[in-house]
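The chain contents come next:
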Amino acid sequence: PYTEWYLNSWAIEGSPTEAHHAEMYGPDVLKPGTFANNCLIARRLAERGVRMIQLYHRAWDHHGGIVDGMKSAALDVDQATAALIRDLKQRGMLEDTLILWGGEFGRTPTAETTGPAAGRDHNQEGFTMWLAGGGVKGGFRYGSTDDYGYYAAEDKVHIHDLHATILDLMGL
């Protein structure tokens, strides 16, 4: 599509691709449409002054096949996400860039079924999000779930409070 071509042309074309990008972001970094490639594009867009960038991984909703699906998804996102944060920090951009990692729901702590088809359902009662950069105190943890990981138990945060925190960190 035109949008993808335009973004790739604007963020990638004419930008030198250092050899260390494949080592840093992962082997798929130069493959359009991969999460690693999107992380590199996000960094380059941020360098060019784009104020809001959203990345998402399409294969994170494991209602079935969680064992293989989670391994594959983690391989896609872990190295690239860490590289994006490290890259922003090395360039002095992390303190001005807020990263929010999360989803629309948490996941139940137990599988819906057993065997290869096992998966986990949505859980609106307790879920994890993390933030980095943009004035967030590194290593800080707030709240916890019950012993089963199902219900938020300690220092619950309403979504409105999360939104207020994000807006505050963005200076709004």
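Here, every reference points to the structure presented above.
These lines cover the structure that appears in this document, whether it is placed above or below. (Residues numbered from 1 in each chain as written. Predicted model: local features only at pLDDT ≥ 70, side-chain atom pairs only at ≥ 80, totals over all residues. Heavy atoms only, no water.)

### Looking at the pattern of salt bridges
(1) Moving on: Scanning the model with the defined rule gives six salt bridges in all.
(2) Moving on: For the salt bridge of lysine 31 with aspartate 28, the shortest nitrogen-to-oxygen distance reads 3.2 Å.
(3) Moving on: For arginine 43, the salt bridge goes to glutamate 47, with nearest N and O atoms at 2.6 Å. In this pair, arginine 43 and glutamate 47 both sit in helix α3 (residues 35–47), four residues apart, roughly one turn of the helix. (Salt bridge = Lys/Arg side-chain N within 4 Å of Asp/Glu carboxyl O. Helix = DSSP H or I, 4+ residues; strand = E, 2+ residues; numbered from the N terminus.)

### Some words on unusual backbone geometry
(1) Moving on: One non-glycine residue with positive phi stands out, namely aspartate 155, at about 50°.
(2) Moving on: Position of aspartate 155 relative to the elements: it lies in the loop between β6 (152–154) and α5 (159–169).
(3) Moving on: You can call aspartate 155 partly exposed: its relative accessible area is 38%. (Buried < 20%, exposed > 50% of the residue type's maximum accessible area, 1.4 Å probe, protein only.)

### With respect to a nonpolar patch on the surface
(1) Moving on: Taken together, Phe140, Tyr142 and Val157 make up a surface patch of nonpolar side chains, about 340 Å² in accessible area.
(2) Moving on: As for its placement among the helices and strands, phenylalanine 140 is situated in the loop between β4 (130–133) and β5 (144–145).
(3) Moving on: Take phenylalanine 140: its relative accessible area is 55%, and that puts it in the exposed class. (Patch = residues over 30% accessible without salt bridge, like charges linked within 9 Å, V, L, I, M, F, W, Y side chains within 5 Å. Areas by Shrake-Rupley, 256 points an atom, 1.4 Å probe, with all protein chains shown as cover.)

### Considering helix α4 (residues 66–90)
(1) Moving on: Look at α4: 35 Å from first C-alpha to last across 25 residues, which is about the 36 Å you get at 1.5 Å a residue.
(2) Moving on: Among the residues of α4, Ile66, Gly69, Ala73, Val77, Ala80, Thr81, Ala83, Leu84, Asp87 and Leu88 are the ones counted as buried.
(3) Moving on: Of the residues trailing α4, glycine 92 is marked for its positive phi of about 70°. (Expected span 1.5 Å × (residues − 1).)

### Quick word on the packing of aromatic side chains
(1) Moving on: This structure, assessed with the given rule, holds four aromatic pairs.
(2) Moving on: Pairing phenylalanine 35 with tryptophan 101 gives two aromatic rings, centres 6.2 Å apart and planes at 90°, and the pair type is edge-to-face. In this pair, phenylalanine 35 is assigned in helix α3 and tryptophan 101 in strand β1 (residues 98–101), connecting sequence segments 66 residues apart.
(3) Moving on: A relative accessible area of 26% means that tryptophan 101 is categorised as partly exposed.
(4) Moving on: Ring pairs connect the aromatic residues Phe35, Trp101 and Trp130, which therefore count as one cluster. (Phe/Tyr/Trp six-rings, centres within 6.5 Å; stacked < 30°, edge-to-face > 60°.)

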